[in-house]
Each structure stands twice: as C-alpha cells, then as structure tokens.
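Chain residues, written in single-letter form:
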Amino acid sequence: MTTTLITNISEAFTSDSNHTLIRDAAILIRDEKIAWIGKSADAPAADTVIEAGYRAALPGWVDSHSHMVFAGDRSREFVARMAGQDYEAGGIAVTTAATRAASDYDLTRLVMGRAAEALAGGTTYLETKTGYGLSVEEEARHARIASTVVDQVTFLGAHLVPAGLDAQEYTDLVCGEMLQRVAPYVQYADVFCERGAFNEAQTRQVLSAARDAGLGLRVHGNQLGPGPGTQLAVEFGAASVDHVNFLDEADILALAGSWTAWDPATRSGAVGTVATCLPACDLSTRMPFAPGRELLDAGVQIALASNCNPGTSYTSSMAFCVTTAVLQMHLSIEEAIVAATYGGALALGVQDQVGTLEVGKRADIQLLNAPSVAHLAYRPGMNLSGPVFRAGKLVAGKI
Ligand SMILES: [Zn+2]
C-alpha cells in the first residue's frame, strides 16, 4: 500500500457543502483515494511527495453532459448562425451522415482525442451521449464505442427524428429494438423534448420505456423555448434536466419541489432532479443564459457541463463554463466550481465517489497554474490547467 502526498498547495477548494477552502494545504493519496486532507504543516509522512509549487487545487471536473461520438465538421453552420441564421434542431442530421460514414477505428480515435482534450483541461469524470446514429445498428455501435472511452454513456436515440421517417414510428423504434440493443452499454437514457424534436407524448413514451429497461433518465428540456420538458423530468424522477434556458415559475417550483427531502448541509436524503446549465452552449447559440442564479436561490441543485458537441458548443472546457457562469450567470466562483464538480457527480449518480476533495473519494485532483481558484474567473480565457490526477495517478500536465 503506497502513499503519495501532494504538498505545498496554496489553497485547496474541496467542493464540500461548506465550500471549505484550506490554505497551505496538502492531500494524502492511498489506494487511489484521498486518505487525508489538511494543512501542509500537519501532513502525515508518505512514500512519495509531490511538490505542488504553491498552486491551487480543486476536484477534477465532472462533465455530466457531452456528445463526443461524432465525425464531420459544422464550422460553416456556426459561421452562418453568427451571421444571423436561427439554430434549429435539424443540424443534427448533418453530423449523423458524417458519423454513420466513419469506421469504428476512426470514430474511436475521434472520441479518444476529445476525451484526452477534456482530461488535459481537468475533466476526470466524463459522460457522453449517443444520438448521431439514429438507427438501431448505428446507435448500438456508438454506445459500444463510447463505453470503451468514457465513464458513463447516455442513450440519446431520441435526439431527432431522421429525415423521411414518421415521428411515431421512429419513437416506437427508439423504445423497442434500439433501446434493447443499446442498453448493455449505457447507464442513462435521454430525450430531446423540444419543438422540432420530440413532443410531450413521445417524451413520455421514451422515458417510460427507458425506466422499464432499468435505465436512469435525463431530459434535454426548455432549450429553445417554453415547453413540458422540465416538468416531465421531475414527474419521472429524472436525474437531470439539461439546458433549462426557458423556465417559467412553475418549472422552477417543480424542480425545487424535487429537492425538498434533500438536506444540502449534510448532502443526504432523497436526490431530486438536477438542473444542468450549459453556459458554453448558451454563448455559442447566443441564447439567453439558463437562470442558474434563480435556480440556486430556489433551492435547486445545479450542474455545469460542457455540452461538447459539433453543432452548438464545440468545447469541452469546463473552466470556460465556470468562468462564464461567474461572469454572466452571477454565480460565485465557489458555486460555479461546486456545480462543475459535485453538481455533475449528483447528476450522474456518482456523488459518493467523485466530485469533492474529501477523505474516501477517488483521488481526482487538478492543480491550477494559479495561486487561487478565483483565477478561473479573474483571468478569463487563460489556460490555467496544471497537473491532473485521476484515481491518484498523474494523467495530464506536468508537475
Ligand atoms: Zn446535449
């Protein structure tokens, strides 16, 4: 049993419920887990000592929403959108064609490359979704490939009705043979409940079928306008509803209601539906930001995630999401970091394993090339990513 001590950390932000910040900190790692955290001066002896060089430490990011299984390039669509064209869900079809044409080898390499970029940026726990296959064979292939690279896979066969198919017939396929074939590779199922994608009845059908198959649930909801997505997510006990740009008072009340049996001080009790805000997507689509501040104030647990995808948010930088959440959504730096670490873990159901710097958690630790975590928002756009540890091992960056 070997131990490693990371010492001379300028400050360690733990993402615990008290937003604890330890100055002059050290972290002891044993058996891939955090065994001790406290002041450097009080640190126990260890087999190996790593000098942090007075850099700040925080938990590795937990990115709970990405779409990394894709091929092709949609930069021209982005340029057109910046020139004033509207975003419509139909752009997904462009990626579907390119992704279907990519070999297993090429697609695996693409996903691995994107996961490596995320890791270098401090993301130590990564979810990704299917949803660019949209046929039984392709969705199963994408889920299989994703499951070999990332930590969790979500089935998003209900991303878009492929051109030429009847919406109801396609929904039946998603809920039947497609779900059956994909289920062995995934932990959750998701549905894009939106005008132009899946309506309320179809969303209910997908969520019911996925629940019956034993999968956890998520909803892409209220991204492009008001709609039933958020309240359906709460009704079905979904782990998260993602995007949440266009919420009315009833939506926020429904979300808050899902957390009434949760004690935020002890982080125990019944887990509700996490509202996952995707600020990089909101920026890239020039949409109004999700009301992260209002959700927090209403007692809703929120997550920040990258939504890394080729159409509306081609970045896996969680640091950028945190910066934006602070500068534009009026979160404090502490709230934003908690949402990007513990919040993501809650949305993925792994809050007992990752997302905080606490004894017993997996030693997923990132050091910033900065003396304080406030620099994440104070120095927007700067790459502050330093060494990244996953399960106690240095996996990116240099000491
Ligand atoms: Zn998404």
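Residues numbered from 1 in each chain as written. Predicted model: local features only at pLDDT ≥ 70, side-chain atom pairs only at ≥ 80, totals over all residues.

Now for the environment of Ser372. Note on placement: Ser372 falls in the loop between strand 16 (365–368) and helix 14 (375–378). Residue Ser372 is classed as partly exposed on the basis of its C-beta count, with 16 C-beta atoms lying within 10 Å. Linking Ser372 and Tyr54, residues 318 residues apart in sequence, is a C-alpha distance of 9.3 Å. Those residues within four positions of Ser372 in sequence are excluded, and the remaining contacts are Ser10, Glu11 and Ala56. (Helix = DSSP H or I, 4+ residues; strand = E, 2+ residues; numbered from the N terminus. Buried ≥ 20, exposed ≤ 12 C-beta atoms within 10 Å, placed from the backbone. Contact = placed C-beta atoms within 7 Å.)

Below, the discussion takes up helix 12 (residues 333–340). A large share of helix 12 lies buried, amounting to seven of its eight residues. Listed as buried for helix 12 are Ile333, Glu335, Ala336, Ile337, Val338, Ala339 and Ala340.

Once the domains are mapped, the chain shows domain 1 (3–59 + 357–396) and domain 2 (61–348). Relative placement of domain 1 and domain 2: their C-alpha centres are 29 Å apart. Tallying the contact residues gives 19 residues for domain 1 and 20 residues for domain 2. Among the elements of the structure, strand 5 (56–59), helix 14, strand 17 (385–390) and strand 18 (393–396) are those that each provide at least two residues to the side of domain 1 that touches domain 2. (Domains from an automatic or database assignment.)

On to the nonpolar core, then. A general trend in soluble globular proteins is that nonpolar side chains are found buried together. Counting 127 residues, the largest nonpolar core has Ile27, Ala57, Val206, Leu304, Val322, Ala325 and Ala336 as the members making the most contacts within it. Viewed by domain, this core spans two of them, domain 1 (3–59 + 357–396) and domain 2 (61–348), each represented by three or more residues. The residues contacting Ala325, other than those within four sequence positions of it, are Cys277, Pro279, Gly292, Leu304, Leu331, Ala336 and Ala339. (Core = buried A, V, L, I, M, F, W, Y, C linked by C-beta atoms within 7 Å.)

What follows is about the pairing of strand 16. One face of the sheet, then the other: side chains in a regular strand alternate in exactly this way. Burial along strand 16 is two-sided: Ile365 and Leu367 and Gln366 and Leu368, pointing in opposite directions, are all buried. Inspection of the sheet shows strand 5 paired to strand 16 by four bridges, in the antiparallel sense. Counterpart to Pro59 in the pairing with strand 16 is Ile365. Sheet topology places strand 16 next to strand 17; three bridges connect them, and they run antiparallel. For Ile365, the partnering residue across the bridge sits in strand 17 and is Phe389. (Pairing = 2+ DSSP bridges.)

Bringing the packing of helix 5 (residues 167–182) against helix 6 (residues 200–212) into the picture now. Running from amino to carboxyl end, helix 5 crosses helix 6 at an angle of 5°, the nearest separation of the two axes being 10 Å. Relative to helix 6, the element helix 5 lies roughly parallel. In this structure, helix 5 contributes Ala167, Thr171, Val174, Cys175 and Leu179 to the contact, and helix 6 contributes Gln202, Gln205, Val206, Ala209 and Ala210. Residues belonging to the contact of helix 5 with helix 6 are distributed by class as follows: seven nonpolar, three polar and no charged. (Axes fitted to C-alpha atoms, helices over the stretch in contact; angles between N-to-C directions. Parallel < 35°, antiparallel > 145°, perpendicular 65-115°, else oblique. Nonpolar A, V, L, I, M, F, W, Y, C, P; charged D, E, K, R; others polar.)

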